[in-house]
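Below are the chains, spelled out letter by letter.
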Amino acid sequence: MSKDARPKKIDPALAEVASRFGPLAAQMLERNPVRDVWRLSFVANLFTGPLYKAFEEKDGVSRGEFLVLFCLSQAEDGLTAQDVCLATGRPKNSISRAVTGLLRKKLIRRSVSEADRRRKELAMTEAGEALLARLLPQTAAREASMLAPLSAAERESLSALLLKIAAGAPAWADDPE
């Protein structure tokens, strides 16, 4: 076995990750050429995958539908599907499908803007608000569980760093060349 082919020793802090997700996951979290983006992706996938699966199975709400409802809950004025695409980074077809599903389920309504008749604004119905009120505590509890290993100061630092990365998105978010 060549020196490079030998299994690499895993950081003891990642032993539980190796046990649950395999040694390759732990190794890639520790060492790879795009370490930080890989870590963000790993955490995001483990957070959102099971959460959206549970929403789909228990409440019949897809990822896109949840994102539309969440965006509508955060907006002061009516939003369009395009506004949701911009805010979430999700593709137009995904959000369009979600809007269609939410309209069919009567969780949102669509109306023509009085200010601009070409603009079709979305708003949550009472049923949509009630559904989101059931889903958000699950999301918050999962977030608290995910962040539990961090101290309060570390959580604040992480939040500030993630916001700084997000604020820099206009410089790097376009399609890679």
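Structure shown above.
Since this is a predicted model, take the numbers as computed values, not measurements.

So, how was this worked out
- Residues numbered from 1 in each chain as written.
- Predicted model: local features only at pLDDT ≥ 70, side-chain atom pairs only at ≥ 80, totals over all residues.
- Heavy atoms only, no water.
- Salt bridge = Lys/Arg side-chain N within 4 Å of Asp/Glu carboxyl O.
- Helix = DSSP H or I, 4+ residues; strand = E, 2+ residues; numbered from the N terminus.
- Buried < 20%, exposed > 50% of the residue type's maximum accessible area, 1.4 Å probe, protein only.
- Axes fitted to C-alpha atoms, helices over the stretch in contact; angles between N-to-C directions.
- Parallel < 35°, antiparallel > 145°, perpendicular 65-115°, else oblique.
- Contact = heavy atoms within 4.5 Å.
- Nonpolar A, V, L, I, M, F, W, Y, C, P; charged D, E, K, R; others polar.
- Phe/Tyr/Trp six-rings, centres within 6.5 Å; stacked < 30°, edge-to-face > 60°.

Enquirer: Got a minute to help me understand the pattern of salt bridges in this structure?
Expert: Two side chains with opposite charge may pair up if their charged atoms get near one another. By the definition in use, this model includes eight salt bridges. Residue Asp36 pairs with Arg35 through a salt bridge whose shortest N-O separation is 3.2 Å. A salt bridge links Glu57 to Lys53, with the nearest nitrogen and oxygen atoms 4.0 Å apart. Linking Glu57 with Lys53, this pair stays in helix α3 (residues 35–59), spanning four residues, or about one helical turn. For the pair Glu57 and Lys53, a shared accessibility class is recorded, and that class is exposed. A single network of salt bridges, built from pairs that share partners, joins Asp83, Arg119 and Glu121.

Enquirer: What is the right way to look at the packing of helix α4 (residues 63–74) against helix α6 (residues 92–104) in this model?
Expert: The description of two helices packed together rests on the angle between their axes and the distance between the axes. It is the contact of α4 with α6, at a shortest axis distance of 8 Å, that shows an interaxial angle of 80°. As the angle between them shows, α4 and α6 are arranged roughly perpendicular. On the side of α4, the interface is formed by Gly64, Glu65, Val68 and Leu69, while α6 contributes Ile95, Ala98, Val99, Gly101 and Leu102. In terms of residue class, the contact of α4 with α6 is built from six nonpolar, two polar and one charged.

Enquirer: Where do I start with the packing of aromatic side chains in this structure?
Expert: By convention here, two paired aromatic rings are described through the distance between centres and the angle between planes. Applying the stated criterion across every chain yields a total of five aromatic pairs. Taking 5.7 Å as the distance between ring centres and 90° as the angle between the ring planes, the aromatic pair formed by Phe21 and Phe42 counts as edge-to-face. Linking Phe21 in helix α1 (residues 15–21) with Phe42 in helix α3, this pair joins segments that are 21 residues apart in sequence. Between Phe55 and Phe66 the ring centres are 5.1 Å apart and the planes differ by 45°, which places this aromatic pair in the tilted class.

Enquirer: Just to check I follow, could you spell out unusual backbone geometry for this structure?
Expert: Even without being glycine, Lys106 reaches a positive phi, approximately 60°. On the secondary structure map, Lys106 appears in the loop between α6 and β1 (108–112).

Any functional reading would require information that these geometric values do not contain.
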